[in-house]
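Residues per chain are reported as follows:
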Amino acid sequence: MIHGQSDKEVLVQLKNFLQVQNPINHGAYVSWSESEASPCHWKGVGCDDAGHVNSLDLSNSNIAGPLFRNFSRIMRLTHLNLSSNSITGELQDDLKQCQSLQHLNISNNLIGGILDLSSLTNLQTLDVSQNRFQGRIDRNFPGICGNLTFLSVSSNSFTGRIDKLFDGCPKLKHVDLSWNGFTGMVWPGIERLRQFKANNNNLTGRISPGMFTEGCKLRSLNIAINSLHGSFPSSIGNCSNMKFLSLWENSFYGSIPPGIGSIARLEELVLASNSFDGIIPMELTNCTNLKYLDISDNNFGGEVQDVFGKLTCMRSLLLQENNYTGGITSSGILQLPNLIVLDLCYNQFSGDLPSEISSMKNLKVLMLAENNFSGKIPPTYGQLLRLQVLDLSFNSLSGEIPPDIGNLSSLLLLILAGNQISGEIPREIGNCTSLVWLNLAGNQLMGQIPPEMANIGSNPSPTFMENRKNPELLESITSKCVAVEWLPSSYPEFNFVQSLMMSQKNCQTIWNRLAMGYDVLPISSPLRTALGYVQLSGNLLSGEIPSAIGTMKNFSLLLLDGNRLSGHLPAEIGHLQLVALNISSNFISGEIPSEIGHMVTLESLDLSSNNFSGALPSNLNQLTKLSRFNLSYNPLLSGNVPSSGQLSTFDEQSFLGDPLLSLNVTAGSSSDSSPREFSSSDTEEHPTNEEIMVTTIAFLAFFSVTLLTREFHIFMYLYFTASRKIANCRIICT
C-alpha cells in the first residue's frame, strides 16, 4: 500500500468519525468522495509535490465532541487547523505524536486540561486561544522553542510566572498571553519580539528602562489591565517601529514618557486609567501618524492642553473621566481635520455647548455626557451630516430640541436624557431614518408625540453598510467599554447584551456588530437586528399616542411611562414586535386593546397607574413569554384574571388597586376557594359604616373637581376599596 493510499484511509476514517459525532450539521468534509483515487483535491486537504497529505483545514466545520485519535497516522502532516469548532475534552496523546507538525491551530474550541505539546519540536506557529486550558505552560518550554515564531495562548485559564519563559525561543516574534492568570514580571526579552500582548493578567512589578534598548523591534505592545506600577521608561522611544502601545489600567505614575515622541510611526496610544500627571509632553506632536489617543481616567484637569490640537492625523480622541474644566475651543481639538470620534464625557466642562463643533464635517461620534454644559443645543449641530452617535445626556441643557436634528439621516444613537430640555419633540426627527436608539427621558418635553416620529429607524441599512465598508467609527471602543452605558437596564434581553458587554473582551466585538447591523443575540431571541429602543419616560408629554406608532420597525423597547398621555391606547400598537412596553403613570383610558395579545414577543408589559376600564382582554393570556406584568391602579378594570395560563403566574403585586378584578385562587393558596379581589392591603381592618360614608362623601366631592386627573385614580381606588370591603365583611362575618 503506497503512502498516499494510507493518508486517504485515515481521512475516510476521520470523515466517518465526524459524521457519527455530528449527525446533523456537517462541515466541508462531508463532500469527500471515496471514489476518488487521491484525497489531494478534497476540500480542506492539501498535499505536497509527492502526493502526500501535508495540510488539513477543518476550521469552522461544525465539529463537536472529542478529538479524532489518528491524526498521527498522516505521517507528513505539517499544517493542522481545527479552529472555530466545539471540540471538547483534553488533548489526546495522538496529537502529541504528530512529530512533523509545524503549524497547529486549535483555537476557539472547548478543549480543557493541561497543555503539554513539548514533543512537537518542529512547531513554528501554535494557537490554542479561546479554550478552557488551565495550569502552567512552562512544561512546553524550551521543548517547542527551537523554531517557534508565533504563540497565542490567550483567553484560557493559564497561570504561573512568565519572567523567563521564552528565554530559549530565539525565533519568537509574536506572543499573545492575554486574558489569563499569569503572574510575575513582564518577560524582559520583549524588545526582540514584533508583538507582545499580555493584557488582562496578574502581572506585577516595574518596567525597566533596559527592556527597550536601541534596535528594539516591537511594533505592538499591550500590557493593559495588570498590576504594573512605577514610572514608565522614556526608553520606549527606542522602539521606533511601534504602531500600537497600550498601558491602560495599571498603576503607572509620573510623567507620560517624552520618549513616546520619538516613535514617529505610532498610530494608537492608550494611557487610560493610570495616575500620570497632568503634563502632556510636547514631544507627542512628533507622532505625526497618531490616529487614536486615549488618556481617560487620569485625573488630568484645568484646560485641555493645546498639544492635542497639533495632532493633525488624529481620528479618535478620548479624554473622558478627567477633571477638565475648559479649553475645548482654545486647545484646537475642534479644528482637527480628520477627527471622527470625540469623547469628553465625565469631566467638569460648563457653559454653552461649543458651536464650533458644527464645522467638524467628518465627525461620527460626539460624546459630551455627564458634564455641566448649559444653554441650548446649537441648531448648527444639524450640519454634522456624518454623525452617527450624539450623547449630550446628564448636563443642564435647556431650550428645545432643534428641528435641524432631522438633517442627521445617519444618526444611529441620540441620547439627551437627564437635562431640562423643553418644548415639543420636533416633527423633523422622523427624517432620522437610521435612528434606532433614542433616549429623551428625564426632561420637560411637552405636547404630543408627533406621528412623524414613527419613521425613525425605518431604514438604518445605508448607515450599517457604510460601517461595514469603512469601520473607522468602530475605533471609538478600543480600551474602555463606553458603549454599555447607553443600554437600558432592567429589561431581559437588553440585560443579556449588557452583561456580555460588561466584559471588555466582548464589548468591542458586540459594539462592532451592532454598529454594522449584525445580530448579536441567539436566533431564538425575539429581538431584531438593531436592538432598537425609544425612551421618552419622565417628561410632560400629553395627548394621545399616535396610531402611526404601529408602523415603527427595528424596535424592541418602547418606554412612555411617567408622562401625561391621555386618550385611548391605539390598537395599532399591537403591530409592534416589542420585548418591553411601558406606558405606566399616564392618563390613558378606555379598554386595553385586545391587539396587545398578538405581541407574542413581549417579556415585560406595564400598563399600571392609568384609567383603563372594561374587561381584561382574554388573549393577554397568550403572551407566554411575559416575565414582568403590571396592571396595578387601574380601578375601572373589571372581570376575572384567568386561573390558568400565563397571567395566572403573576401574584397580587401585578393587580394592586384594581378592586373590580377578581382572581380564582389556585389550590393550596388559600382555604377559601371563592374569587379574590385585589386591594392595597388585605390585612387592614374592615371599615365601619361611618368610615365608609365619610369615604364616599369625600370621593363624590373630589370627583366633581378632579375628573380625569391623576388624583381621580386614587379616590376611585379608595371608593371601590371601601365598597369591596363591605362585601367581604358580609361574606366573612356571616
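Residues numbered from 1 in each chain as written. Predicted model: local features only at pLDDT ≥ 70, side-chain atom pairs only at ≥ 80, totals over all residues. Heavy atoms only, no water.

The protein appears in an unreviewed UniProt entry as Leucine-rich repeat-containing N-terminal plant-type domain-containing protein from Oryza sativa subsp. indica.

Q: Quick question: what am I supposed to make of the overall build of the protein here?
A: Scanning the protein from N- to C-terminus turns up seven helices and 46 strands. With 734 residues in all, the protein has 54% of them scored as buried. Considering only intrachain contacts with a sequence separation of at least 6, the fraction spanning at least 24 residues in the protein is 52%. For the protein, the accessible surface area stands at approximately 29,500 Å², while carbon and sulfur atoms represent 49% of it. (Helix = DSSP H or I, 4+ residues; strand = E, 2+ residues; numbered from the N terminus. Buried < 20%, exposed > 50% of the residue type's maximum accessible area, 1.4 Å probe, protein only. Contact = heavy atoms within 4.5 Å. Areas by Shrake-Rupley, 256 points an atom, 1.4 Å probe, with all protein chains shown as cover.)

Q: What is the right way to look at the state of the cysteines in this model?
A: For the structure shown, the criterion picks out three disulfides. Here Cys40 pairs with Cys47 through a disulfide, and the sulfurs are 2.0 Å apart. Disulfide Cys40 to Cys47: torsion about the S-S bond roughly -100 degrees, handedness left-handed. Residue classification places Cys47 among the partly exposed residues on the basis of a relative accessible area of 24%. A disulfide bridge connects Cys145 with Cys169, and the sulfur atoms are separated by 1.7 Å. With Cys145 in the loop between β9 (132-135) and β10 (150-152) and Cys169 in the loop between β11 (157-161) and β12 (174-176), this residue pair connects regions lying 24 residues apart in the sequence. By the burial criterion, Cys145 is buried, and Cys169 matches it. (Disulfide = S-S within 2.5 Å.)

Q: What is the right way to read the packing of aromatic side chains from this model?
A: Remark: the centre distance and the inter-plane angle together describe each pair of aromatic rings, the angle taken between the planes. Overall, the coordinates contain 14 aromatic pairs when judged by the stated rule. Centre to centre, the rings of Phe133 and Phe158 are 6.0 Å apart; their planes meet at 10 degrees, and the pair counts as stacked. Highlighted residues: Phe133 in strand β9 and Phe158 in strand β11, separated in sequence by 25 residues. The same class applies to Phe133 as to Phe158, namely buried. A ring pair is formed by Tyr324 and Phe349, whose centres lie 6.5 Å apart and whose planes are at 10 degrees; its orientation type is stacked. Here the residue Tyr324 occupies a position in strand β25 (residues 323-326), and Phe349 occupies one in the loop between β26 (341-343) and β27 (350-352), the gap between them amounting to 25 residues. The same class applies to Tyr324 and to Phe349, which are both buried. Through a chain of ring-to-ring contacts, three or more aromatic side chains come together here, namely Phe17, Phe68 and Phe71. (Phe/Tyr/Trp six-rings, centres within 6.5 Å; stacked < 30°, edge-to-face > 60°.)

Q: Could you clarify how one ought to interpret the sheet that holds strand β17 (residues 227-230) in this entry?
A: Strand pairing within a sheet occurs via backbone hydrogen bonds; the two strands may be parallel or antiparallel. One open sheet accounts for four strands, arranged β15-β17-β19-β21; its pairing is parallel. Looking at strand neighbours, the two that pair on one side only are β15 (204-205) and β21 (275-276), the edges of this open sheet. As judged from the two bridges shared by β15 and β17, these two strands associate in the parallel manner. Across the sheet, the residue bridging to Gly205 is Leu228, located in β17. (Pairing = 2+ DSSP bridges.)

Q: I would appreciate a short explanation of the side chain of Asn199 in the present structure.
A: Tracing the backbone through its elements, the reader meets Asn199 in the loop between β14 (195-197) and β15. Residue class for Asn199 comes out buried when judged on its relative accessible area of 6%. Aside from chain neighbours lying at most four places away, what touches Asn199 is Ser178, Trp179, Asn222, Ile223, Ala224, Ile225 and Asn226.

Q: What is the right way to read the sheet that holds β11 from this model?
A: Read across the open sheet, the four strands follow the order β7-β9-β11-β13; overall the sheet is parallel. Pairing within the sheet leaves two strands with one partner each, and these edge strands are β7 (112-113) and β13 (181-183). Examined bridge by bridge, β7 and β9 share two bridges and lie parallel to one another. Paired with Gly113 across the strands is Phe133, a residue of β9.

Q: Would you mind showing me how to read a positive patch on the surface here?
A: A cluster of like positive charges, contributed by Lys173, Lys217, Arg219, Lys243, Arg265 and Lys291, occupies part of the molecular surface. Tracing the backbone through its elements, the reader meets Arg265 in the loop between β19 (251-254) and β20 (268-270). (Patch = residues over 30% accessible without salt bridge, like charges linked within 9 Å, V, L, I, M, F, W, Y side chains within 5 Å. Salt bridge = Lys/Arg side-chain N within 4 Å of Asp/Glu carboxyl O. Lys, Arg positive; Asp, Glu negative; His and termini not counted. Charge placed at Lys NZ, Arg CZ, Asp CG, Glu CD.)

Q: Help me understand the pattern of salt bridges in this model?
A: When the charged atoms of two side chains with opposite charge come close together, those side chains can pair. Tallying each qualifying case throughout the model produces nine salt bridges. Note that Lys197 and Asp176 form a salt bridge whose closest N and O atoms lie 3.9 Å from each other. Remark: Asp176 occurs in strand β12 and Lys197 occurs in strand β14; sequence separation between them is 21 residues. Its relative accessible area of 24% is what places Lys197 among the partly exposed residues.

Q: Please clarify how the environment of Ala417 should be interpreted in this entry.
A: Relative to the assigned elements, Ala417 resides in the loop between β32 (413-415) and β33 (437-439). By relative accessible area, Ala417 is classed as buried at 5%. In sequence terms Ala417 and Leu392 are 25 residues apart; their C-alpha atoms lie 7.7 Å from each other. Not counting residues within four places of it along the chain, the set of residues in contact with Ala417 comprises Ser393, Phe394, Asn439, Leu440, Ala441 and Asn443.

Q: What is the right way to read the pairing of strand β36 (residues 540-543) from this model?
A: Within a regular strand, the side chains alternate between the two sheet faces. The pairing of strand β34 (residues 446-447) with β36 spans two bridges and is classified as parallel. Bridged to Met446 within β36 is Leu540. Pairing geometry for β36 and strand β38 (residues 564-568), over two bridges, is parallel. Within β38, the position partnered with Gly543 by the bridge is Leu565.

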